[in-house]
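Each chain, letter by letter, is given below.
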Amino acid sequence: VREVQYALRFTRADGSSPTLATGQVTTTTIGAGGELSTTYEQIDGRASYESSYEQSPDDPNLFIESGTVTFDGAGGPHTLTFKTLGWGYLMPPENPTTGMTPGVVMWTVDGGTGWFEGATGTITSNFRVNLGNEALEDDHVGTILLPG
Amino acid sequence: MRQLTYMLRFTRAATGDSIVATGQTTTTVIADGVSTTIQPGPGEASYVTTLTPDDDPSRFTEVGTITFGPAGAPDTLGFRTLGYGHLLGAGADPGMRQGMVLWAITGGSGKFDCAGGLVTSSFVVNPATGELRNDQTGTILLPD
């Protein structure tokens, strides 16, 4: 078994737009006095994901989700399929500065194609979503296990 | 409301050791496959946590504190588990198991006074030795 990881920020302009990421350089700096800052630089490469979700009937801030992450590349499609582990959490209130509401969800990977044939593993999603227009900013960490 | 984000890899060599991270540059390349490299940078962070096992041995909850800066620095975040943390199947390396947990930030001190927000944790751990590698993303919300 070999492990492949990715750390990507997916973004979506609104609910009718695709949810896309590029290759990425993420730099988190911790200053001598504990100052914290992070920059995100886009580089070559492209990925996207599609998902469908269902709210809990008991709590509209809980949801489950399933979907597919797709990576562009020759010989594709290169995909990972996922489903929620436990619940996903939307955590109101929205940030009045950005209009975005934060949330988090854990996904288990239950298969893949192309580069990810036979994949298992985990994906964490730390997101901010605009509940009005469905704009999205979603930081993923994928830890993918592949045969061989 | 101000928003800070972070992406850090915390590690622990063995049970009883500190769980620490440095600043870092994480590069994910998409080309003929996907690969990620992590380059350490200046600065340090650490966290301490108290785990409570569940009746289901694959689940746990925890509470703890993340410190940005040297141990004992005043800039901290408190956290607690959202739902359950999950210990999953075998990782790529012998003895390691994968897992994930979500944390809600419950407050802070110093630069993080009155903080809220969320943290995701994607980890591999050796239950026998305590060796840990924990890739975190954080969204920290602070009053203006």
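Just above, that's the structure.
The sections below set out a description of the structure shown in this document.

Rules used in this analysis
- Positions within a chain are numbered from 1, following the residues in the order the chain's sequence is written.
- Written order decides the labels, with chains lettered from A and ligands numbered from 1.
- This being a predicted model, a pLDDT of at least 70 is required before a residue's local features are given, and a value of 80 or more before pairs of side-chain atoms are given or counted; all residues contribute to the totals for chains, interfaces and linings.
- The basis for every side-chain value is the complete set of non-hydrogen atoms in the structure, without hydrogens or water.
- Only DSSP runs of H or I reaching four residues or more are called helices, and only runs of E reaching two or more are called strands; each is numbered from the N terminus.
- Between N or O atoms, a polar contact is any pair within 3.5 Å; within protein, one atom must be a potential hydrogen donor and the other a potential acceptor, and residues adjacent in sequence are included only when both atoms are from side chains.
- Whether two residues are in contact is decided by their heavy atoms, any of which lying within 4.5 Å being enough.

Looking now at the side chain of S56(A). All names here are of chain A. For S56, the position within the fold is in the loop between strand 3 (36-55) and strand 4 (62-71). For S56, the side chain forms a polar contact with the main-chain nitrogen of D59, separated by 3.4 Å. Each residue touching S56, except ones within four places of it in the same chain, is listed here: L62, F63 and W87.

What follows deals with unusual backbone geometry. Where the residue is not glycine, phi is negative for most of them; where a peptide bond is considered, it is trans in most cases. Residue P77(A) follows G76(A) across a cis peptide bond; omega there is 10°. Here P77(A) is to be found in the loop between strand 4 and strand 5 (78-84). P92(A) connects to P93(A) through a cis peptide bond whose omega is 10°. Even without being glycine, E134(A) reaches a positive phi, approximately 65°. Position of E134(A) among the secondary structure elements: in the loop between strand 8 (120-129) and strand 9 (136-146). You will see that C114(B), though not glycine, has its phi angle at about 65°, which is positive. Here C114(B) is to be found in the loop between strand 7 (97-109) and strand 8 (116-125).

These results come straight from atomic positions and should not be treated as a statement about function.
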